[in-house]
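Topology and contacts: notes
Now for the letters of each chain:
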Amino acid sequence: MTQRPEAWKDGRRVRGLRVMMRQVREARGALAAWWNRLWGYDLFISYSRRDALSYAQQLDRMLTAAGFLCFRDEDRVWAGDHLPSKLLTAARRSRVLLVVLSPQALDSDWVKAELATYLAVEGERQVIPLFFDPRHPEGLPDAFGRLRDYLGLYEAYDRLHQAEPESRLLEEIRRRFQGIRQRTLRRGTLAALALGLGGTAMVGWSQLQQARAETIQRQWRERAVGFLQAHRNDMAEVALARAHAAGAATGEEDLQRQYRDARAGRMLVPMRTLDVSPSARLHHWDAWKDEPYAVLYENASGKLELDFQGTRRALPSCPTEPRVTSRSEWLAWACDRVLYRIRLDSPDAVVQSALAQEPEELSFSARELRLLERTGTQVHVRGLNEETLAEQWKTFFPLESPQALVHLCPGGDFLAYAITADARALHLHRWQLDASVASTVSVPFQEDLQALNAGGVDLGSVTQDAHCGRFILSYAPWTWFGRTTQDFRWLLLAWGDVPPVRALEPGLREPRLVERSTGSEAVYLSDSRDLRRLPVVPPMVVAPEVRTLASGVQSFAVWSPPGEDAPLQLLSMNADDLEVHDADALRARYPVGVDEVLRIRVSADGTFIAVEGRERLFIWKRAVSSTPEGIPALDVLSRELGVRLLEDGSFRYTAIEEAPRAASRTDPPPEHER
């Protein structure tokens, strides 16, 4: 292996030393730049280039070698008449201004500007004038008059031309600057200490605030969990929005997920409350163009009113209880032998028509207004033009018994139906629009009424589905010696089923047939006020299992959206809460606090709900289903839900108020409540 000569090795060492020295210079430059940014400059040398350039350069080198950080501008060729920003910044951030007062400096606008800029900064300003004329400072021009307040240094005029600052200047500047630097370092140390203490305090305060925010968030999240377990979903949403408003830095992802779960359970939002006279009752309820309306009726006075779009209008009074129906913008009612019709977009224009007799029932079909009239053993059904109330067609059907139950079919292929009974069977008759002969089915009673010495039956009430295919019927046997005191029997009669009839439990109330696509036949209240659901069962099952959904129910309504494929949804009201159920469980609860609920009404499109109390009508709306992008602000969410969070942590519905406690009523209830 070839040996390298010693000279080559020495050269390599020299090159390495040069690189190291260059790195040291770069480090010093970086350190100086950092120091300048942090503390500024020790000295700012102000001079005139016309006669003091060389002197200022030599003075700068001498002071820099002595350890001072100096700023001296080397380029006086500027655009415009203003000092550049770099020069202004350096002047403001220098601790001492050293002014070289050469003869040309006294006429220099730049030296004057640098002096003015430096002295304009608030705080302690130190200036060292360097005089070359023994008549100064008394003989200074007015522009430099403020220099008379500072103790200057004197230099011989020859030194200026020779560019050789006297060494004593360095010692004098060092002596004067030493006190300035010590004061600056003391202030800097105190400022750094205060900054450190302030930063520590801020960090501690921030940590304290963060801990407090996390505590508030945890408390409200725990409350939200309790609300969700109690099915009070709207309150859970508000609690989670309050937790989000705490501003905690942790747990945001879980909080967002928890809010989405609560938001998915939003069912209802409160709208407003209508005051109702103690003697008036809600007689009809529906909606048009996303606005609910109510028809109120006073049985004693016959007063009839329409409440729509925040305005209550008086309608023609009716001495007997009117029969009311509606569809879209049409509202019609029959009072004795007069038929009235209005459009909701022009409610003051009332169209009326005289009738030959008082109708038993009226309803809107897709094409006209239909009236059902009854005379002895005949039923007359008429179709009227909804605009003019002129008769378009008329048909009649015979009845087997004057005690028959007769009703119009709300939809489907049938016009009307009738139910009659004898001691042996029930007989169901249905008429189509274009047929005068009814299709009939007879259903034998499951009990031997003759063994009870019954001479027949009394038909009570009947309710049908939308297609007149299924019916819930009540009846009671009677004997030749008088009526029995036995309870009414209840039957589910289904056209085409095998068997077509099913016995229901006695004493049930408010039966409602629902679409079989929901997995249920009917819902009703039991004698003990339990809300029960009758499931769809296979054929030949006479006594199907009944499922209880709620107890202590004052009233309920079917809330399923329109359509055969819609799931089953129910609304019920107990002593405290308005509840939403599906086919199997409770889904949401709203603490309304109505003392006594007379009835729950749902608009035809399922959008609006009316909870009728004795003196108030509480209006709710179906919540719009949507996926939230995040947790909204608390005030925004409160407006959406109609719920306000009080200072004590409780909640209050802002859209509705608690109904007043009504006095007990001794007179019998109106007919429509019995």
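Everything below is about the structure shown above.
Residues numbered from 1 in each chain as written. Predicted model: local features only at pLDDT ≥ 70, side-chain atom pairs only at ≥ 80, totals over all residues. Heavy atoms only, no water.

Quick look at the state of the cysteines
To keep things clear, this is the line we draw: When two cysteine sulfur atoms are found within 2.5 Å, that pair is recorded as a disulfide. Each helix is a run of DSSP H or I of at least 4 residues and each strand a run of E of at least 2, with the numbering of both proceeding from the N terminus. In this scheme, a residue with accessible area under 20% of its type's maximum is buried, one over 50% is exposed, and one in between is partly exposed, where area comes from a 1.4 Å probe on protein chains only.
All told, the structure shown has 2 disulfides when counted by the stated rule. A sulfur-sulfur separation of 2.0 Å characterises the disulfide bridge that pairs Cys-318 with Cys-335. The disulfide joining Cys-318 to Cys-335 has a torsion of about 110° about its S-S bond and is therefore right-handed. Of the two residues, Cys-318 sits in the loop between strand 10 (311–315) and strand 11 (323–327) while Cys-335 sits in strand 12 (residues 330–335), which places them 17 residues apart along the sequence. A sulfur-sulfur distance of 2.1 Å marks the disulfide that ties Cys-409 to Cys-468. One quick way to see it: the torsion about the S-S bond of Cys-409 and Cys-468 is about -125°, and its sign makes the bridge left-handed. Of this pair, Cys-409 sits in the loop between strand 19 (405–408) and strand 20 (414–421) while Cys-468 sits in the loop between strand 23 (454–464) and strand 24 (470–479), and the two are 59 residues apart along the sequence. Residue class for Cys-409 comes out buried when judged on its relative accessible area of 4%. Taking relative accessible area as the criterion, Cys-468 reaches 0% and is therefore assigned buried. Numbered by order of appearance in the sequence, the disulfide-linked cysteines of the protein chain pair as 1-2, 3-4.

Details of the nonpolar core
For the record, the criterion: Here the nonpolar core consists of buried residues drawn from Ala, Val, Leu, Ile, Met, Phe, Trp, Tyr and Cys, with membership extended through side-chain atoms lying within 4.5 Å. The contact criterion used is simple: two residues touch if any of their non-hydrogen atoms lie within 4.5 Å.
Counting 44 residues, the largest nonpolar core has Leu-268, Leu-578, Tyr-590 and Trp-620 as its most contacted members. For this core, the element with the highest residue contribution is helix 7 (residues 233–245), accounting for 7 residues. Discounting chain neighbours no more than four positions away, the residues touching Tyr-590 are Asp-234, Gly-265, Arg-266, Met-267, Leu-268, Asp-576, Asp-577, Leu-578, Val-580, Trp-620 and Tyr-653. Residues Leu-43, Ile-45, Cys-70 and Leu-160 belong to the second largest nonpolar core, which totals 23 residues.

Looking at the sheet that holds strand 4 (residues 126–131)
Convention followed: Here, strands pair whenever DSSP counts at least two bridges between them. Axis lines are fitted through C-alpha atoms, for helices just across the contact stretch, and the angle between N-to-C directions can take any value from 0 to 180 degrees.
One open sheet accounts for 5 strands, arranged 2-1-3-4-5; its pairing is parallel. Only two strands of the sheet have a single neighbouring strand rather than two, namely strand 2 (70–72) and strand 5 (153–154). Examined bridge by bridge, strand 3 (residues 94–101) and strand 4 share 6 bridges and lie parallel to one another. Pairing of Leu-101 across the sheet is with Phe-131, part of strand 4. Those strands touched by helix 2 (residues 49–65) are strand 1 (41–46), strand 2, strand 3 and strand 4, and its axis lies near 165° from that of strand 2. The sheet strands contacting helix 4 (residues 109–119) are strand 1, strand 3 and strand 4, and the helix crosses strand 3 at an angle near 155°.

Digging into the environment of Glu-545
Mapped onto the elements of the fold, Glu-545 is located in the loop between strand 30 (531–535) and strand 31 (547–550). The exposed category is assigned to Glu-545, whose relative accessible area is 56%. The sequence separation of Glu-545 and Pro-535 amounts to 10 residues, and the corresponding C-alpha distance is 7.1 Å. Setting aside chain neighbours within four positions, we find Glu-545 in contact with Arg-533, Leu-534 and Pro-535.

Some remarks on the pattern of salt bridges
For clarity, the threshold we go by: The salt bridge criterion pairs a side-chain nitrogen of Lys or Arg with a carboxyl oxygen of Asp or Glu, the two atoms within 4 Å.
Going through the model one piece at a time under the given rule, you end up with 42 salt bridges. Here Glu-521 ties to Arg-470 by a salt bridge, and the two come within 2.8 Å at their closest N and O atoms. Note that Glu-521 is positioned in strand 29 (residues 520–525) and Arg-470 in strand 24, a separation of 51 residues in sequence. Overall, Arg-470 belongs to the buried group, its relative accessible area being 6%. For Arg-589, the salt bridge identified is with Asp-577, shortest N-O distance 3.3 Å. Note that Arg-589 is positioned in strand 35 (residues 586–591) and Asp-577 in strand 34 (residues 577–581), a separation of 12 residues in sequence. Taken as a pair, Arg-589 and Asp-577 share a single burial class, namely buried. One continuous salt-bridge network, built from bridges that share partners, spans Asp-465, Arg-470, Asp-497, Arg-502, Arg-516 and Glu-521.

Some remarks on a nonpolar patch on the surface
Note the cut-off: A patch consists of residues exposed above 30% relative accessible area that lack any salt bridge, with like charges linked at up to 9 Å and nonpolar side chains (Val, Leu, Ile, Met, Phe, Trp, Tyr) linked at up to 5 Å. In these tables, accessible area is a Shrake-Rupley quantity obtained with a 1.4 Å probe, and a residue counts as shielded only by the protein chains included in the view.
Taken together, the side chains of Leu-17, Met-20, Met-21 and Val-24 present a nonpolar region at the surface, about 350 Å² in accessible area. Within the secondary structure, Leu-17 is located in helix 1 (residues 6–39).

Here's the deal with unusual backbone geometry
With an omega dihedral of 15°, the bond running from His-136 to Pro-137 counts as a cis peptide bond. Unlike most non-glycine residues, Ala-163 shows phi in positive territory, near 55°. Relative to the elements of secondary structure, Ala-163 occurs in the loop between helix 5 (157–162) and helix 6 (167–229). Phi is positive for Glu-510, close to 45°, though the residue is something other than glycine. As for its position among the elements, Glu-510 is in strand 28 (residues 509–513).

Digging into the packing of helix 7 against helix 8 (residues 252–264)
Selection rule: Any angle that falls under 35 degrees is termed roughly parallel, while one over 145 is termed roughly antiparallel, one within 65 to 115 roughly perpendicular, and all others oblique. In this scheme, a crossing is called left-handed if the near helix is turned counterclockwise away from the far one by less than a right angle; it is called right-handed if the turn is clockwise. Amino acids outside the nonpolar list (Ala, Val, Leu, Ile, Met, Phe, Trp, Tyr, Cys, Pro) and the charged list (Asp, Glu, Lys, Arg) are all regarded as polar, and Gly is one of them.
Two numbers describe how helix 7 lies on helix 8: the axes approach to 9 Å, and their chain directions differ by 160°. By the criterion of interaxial angle, the relationship of helix 7 to helix 8 is roughly antiparallel. Remark: the crossing between helix 7 and helix 8 carries left-handed chirality. Only Glu-252, Leu-255, Gln-256, Gln-258, Tyr-259, Ala-262 and Arg-263 of helix 8 make contact with helix 7, whose side of the interface consists of Asn-233, Ala-236, Glu-237, Leu-240, Ala-243 and His-244. Looking at side-chain class alone, the contact of helix 7 with helix 8 contains 6 nonpolar, 4 polar and 3 charged residues.

A short note on the sheet that holds strand 9 (residues 304–308)
Judged by pairing direction, the sheet is antiparallel, and its 4 strands sit side by side in the order 7-8-9-10 without closing on themselves. Looking at which strands have only one partner, the edges of the open sheet turn out to be strand 7 (280–287) and strand 10. Recorded for the sheet is a direction-independent mean angle of 25° between the axes of neighbouring strands.

Let's talk about the packing of aromatic side chains
Stated precisely, the cut-off is as follows: Put simply, two rings from Phe, Tyr or Trp (the six-membered ring, in Trp's case) pair if the centres are within 6.5 Å, and we call them stacked under 30 degrees between planes, edge-to-face over 60, tilted for the rest. Placement of a positive charge over a ring is assigned whenever Lys NZ or Arg CZ falls within 6 Å of the ring centre and within 35 degrees of the normal to the ring plane.
Applying the stated criterion to the full structure yields 12 aromatic pairs. The interplanar angle of 20° and the centroid separation of 4.6 Å between the aromatic rings of Phe-397 and Trp-431 together place this pair among those described as stacked. A residue pair is termed long-range when its members are at least 10 positions apart, and Phe-397 in strand 18 (residues 391–398) and Trp-431 in strand 21 (residues 425–432) qualify at 34 residues. Note on accessibility: Phe-397 and Trp-431 belong to one class, buried. What links up through ring pairs into an aromatic cluster is the set Tyr-41, Phe-44 and Phe-71. Taking the ring centre of Phe-414 as reference, the NZ or CZ of Arg-430 above it sits at 3.9 Å. Over the ring of Trp-559 we find Arg-622, and its NZ or CZ is 3.8 Å from the ring centre.

Section: the side chain of Glu-291
Here Glu-291 is to be found in the loop between strand 7 and strand 8 (292–298). Residue contacts for Glu-291: discarding those within four places in its chain leaves Arg-272, Phe-308, Gln-309 and Phe-608.

The values reported here are purely geometric and, on their own, carry no functional implication.
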